[in-house]
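Observations on the model geometry
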Amino acid sequence: MTRSYISGWGFHVPEKVVTNDELAAIMDTSDEWIRSRTGIQTRHFAAPGEGPSDLAVPASKRALQRAGLTVKDIDFIIFATFTSDYYAPGAGVLLQHKMGFGNIGAMDIKMQCSGFVYGLSVADQFIRTGTYKHILLVGAEVQSTALNLTDEGREVSVLFGDGAGAAVVSATEEDRGVISTHLHSQGEFAKELCAPLPSTAKQPWISAEDIEQGRHHPIMNGREVFRHAVNRFPEVIREALEANGITTQDLKMIIPHQANIRITLEVARRLKIPPEMVFSNIHKYGNTTAASIPIALSEVLAEGLIEQGDYIVLAAFGAGFTWASALLKW
Ligand code: ACO
């Protein structure tokens, strides 16, 4: 039976590091508030002119190198981002050009924090059916340019950072790789966390007045997001385990989307597992949305925290609301 597995991985964050104190110098917040409410200490912001497709290039090169492949070997690109360089076309085609791939297909996935797991699910289907052998799956975001870095935007803007993570998803006949994926959405909560503009439902898509009023920034009902996240994460992790007849005892590690350290700790508490089993690097990068899981996975592997044969779960929750999990045998 053909399965898909992650044969290469890598990440890249922009050079510029922004500390909590630097944010506190431009808005009414503090290092203490941000650390205690979110666990975030620093995040990276892209340079002017740097889009997610640019951040994706070094991440993708590292993933290809790790897989021992060249651009010629890649059959398809899946690019998860909600902050694509252009409103249209998506970032996948830009990456196809910047990496010098052949004229292969490039698909964007706009599923916010769940984008990487949704993308893995799509890659897995293409590989199981024998359509493709090697797929480049990227999660990359430049969110800093959309943030409201003033007092009014402080609840949202202290949370997010920029970055890119990549994985090569390859075919294998071995007993390893993606075991199952589980995808969900609940659009009734779309307005609780969204970037409402530009909107094709209005004319013009975005106006000078919209910008004047700050309506082009993302908006979030933090408490509502928190409440749903701490339920959906454990639920979708259990779904992955139960679908395969295993328990948390069989798991080496959970690699969740990095939203907030308090969400991560609550997920561990609800699953009755030690907090160390739920990986966290949010202190360094903040919430990088679709990039957070592949960045975290790259760091887990660099730190030697998982070995071949280990079961791991990737899990995400985010805007939509969307949530998703994937059980992998490494
Ligand atoms: N600095 C200082 N004070 C702030 C800041 C800030 N950056 N932001 C908000 N506050 C103030 C508020 O104005 C409010 O003041 P008030 O009490 O006078 O009205 C107060 O802090 C709110 O404090 P708490 O109730 O203690 O905040 P809470 O514990 O709800 O934490 C937070 C807020 C961190 C946003 C939390 O709700 C959260 O993490 N929600 C999830 C959000 C999230 O993860 N979003 C990411 C996208 S979705 C995803 O990735 C899963």
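1. Here's the deal with the overall build of the protein
Along its length, the protein carries 11 helices and 13 strands. A compact globule built from 330 residues should have a C-alpha radius of gyration of about 20 Å, and the protein, at 19 Å, falls within 12% of that. Its C-alpha atoms give the protein principal-axis dimensions of about 55 × 50 × 35 Å. For the protein, the proportion of its 330 residues judged to be buried stands at 56%. Sequence-distant contacts, at least 24 apart, represent 77% of the contacts inside the protein between residues at least 6 apart. Of the roughly 14,200 Å² that the protein leaves accessible, carbon and sulfur atoms contribute 50%. A gap of 3 Å separates the mean positions of the 29 positive and 37 negative side-chain charges of the protein.

2. A look at the site of the ligand
In the region of the ligand, 24 residues are neighbours, and Thr 29, Arg 37, Arg 223, His 257 and Asn 260 sit closest. Within the side chain of Arg 223, a nitrogen or oxygen atom sits 2.3 Å from an oxygen atom of the ligand. Note that an oxygen atom of the ligand is positioned 2.5 Å from one of the side-chain N or O atoms of Asn 260. Elements represented by at least two residues in the shell around the ligand include exactly helix H2 (31-38), helix H6 (154-157), helix H8 (222-243) and helix H9 (261-271). The element contributing the most residues to the shell around the ligand is H8, with four residues. Looking at side-chain class alone, the shell around the ligand contains 12 nonpolar, six polar and six charged residues. For the shell around the ligand, the two domains that each supply at least three residues are domain 1 (3-174) and domain 2 (179-329).

3. A short note on the pattern of salt bridges
In the structure shown here, the tally under the stated rule is 16 salt bridges. Residues Arg 154 and Asp 28 are paired through a salt bridge, measuring 3.5 Å at the closest nitrogen-oxygen approach. Here Asp 28 lies in the loop between helix H1 (20-24) and H2 and Arg 154 lies in helix H6, a separation of 126 residues in the sequence. Assessed through its relative accessible area of 39%, Arg 154 is described here as partly exposed. Glu 209 is paired through a salt bridge with Arg 215; the nearest N and O atoms lie 3.7 Å apart. Because the salt bridges share partners, they merge into one network encompassing Lys 202, Glu 209, Asp 210 and Arg 215.

4. Looking at the domain arrangement of the protein
Here the protein is partitioned into domain 1 (3-174) and domain 2 (179-329). One C-alpha centre belongs to domain 1, the other to domain 2, and the line joining them spans 14 Å. Each partner contributes to the interface: domain 1 provides 48 residues, whereas domain 2 provides 47 residues. Buried surface at the junction of domain 1 and domain 2, both sides included, amounts to about 3,800 Å², of which 67% is carbon and sulfur. Interface area lost by domain 1 to domain 2 is led by Tyr 87, Cys 113 and Val 117, which between them contribute 17%. Linking domain 1 with domain 2 are zero salt bridges, by the criterion used here. Here domain 1 and domain 2 share 20 residue pairs in polar contact (both at pLDDT 80 or more) between them. Counting residues per element, the ones that place at least two in the side of domain 1 that touches domain 2 are strand E1 (3-12), H2, strand E3 (42-45), helix H5 (115-128), strand E6 (134-141), H6 and strand E7 (163-172). Here the side of domain 1 that touches domain 2 is composed, by residue class, of 22 nonpolar, 18 polar and eight charged.

What counts and what doesn't
Residues numbered from 1 in each chain as written. Predicted model: local features only at pLDDT ≥ 70, side-chain atom pairs only at ≥ 80, totals over all residues. Heavy atoms only, no water. Helix = DSSP H or I, 4+ residues; strand = E, 2+ residues; numbered from the N terminus. Rg over C-alpha atoms; globule rule 2.2 N^0.38 Å. Buried < 20%, exposed > 50% of the residue type's maximum accessible area, 1.4 Å probe, protein only. Contact = heavy atoms within 4.5 Å. Areas by Shrake-Rupley, 256 points an atom, 1.4 Å probe, with all protein chains shown as cover. Lys, Arg positive; Asp, Glu negative; His and termini not counted. Charge placed at Lys NZ, Arg CZ, Asp CG, Glu CD. Near = heavy atom within 4 Å. Polar contact = N/O pair within 3.5 Å; in protein donor to acceptor, adjacent residues only side chain to side chain. Nonpolar A, V, L, I, M, F, W, Y, C, P; charged D, E, K, R; others polar. Domains from an automatic or database assignment. Salt bridge = Lys/Arg side-chain N within 4 Å of Asp/Glu carboxyl O. Buried area = accessible area lost by both parts, 1.4 Å probe.

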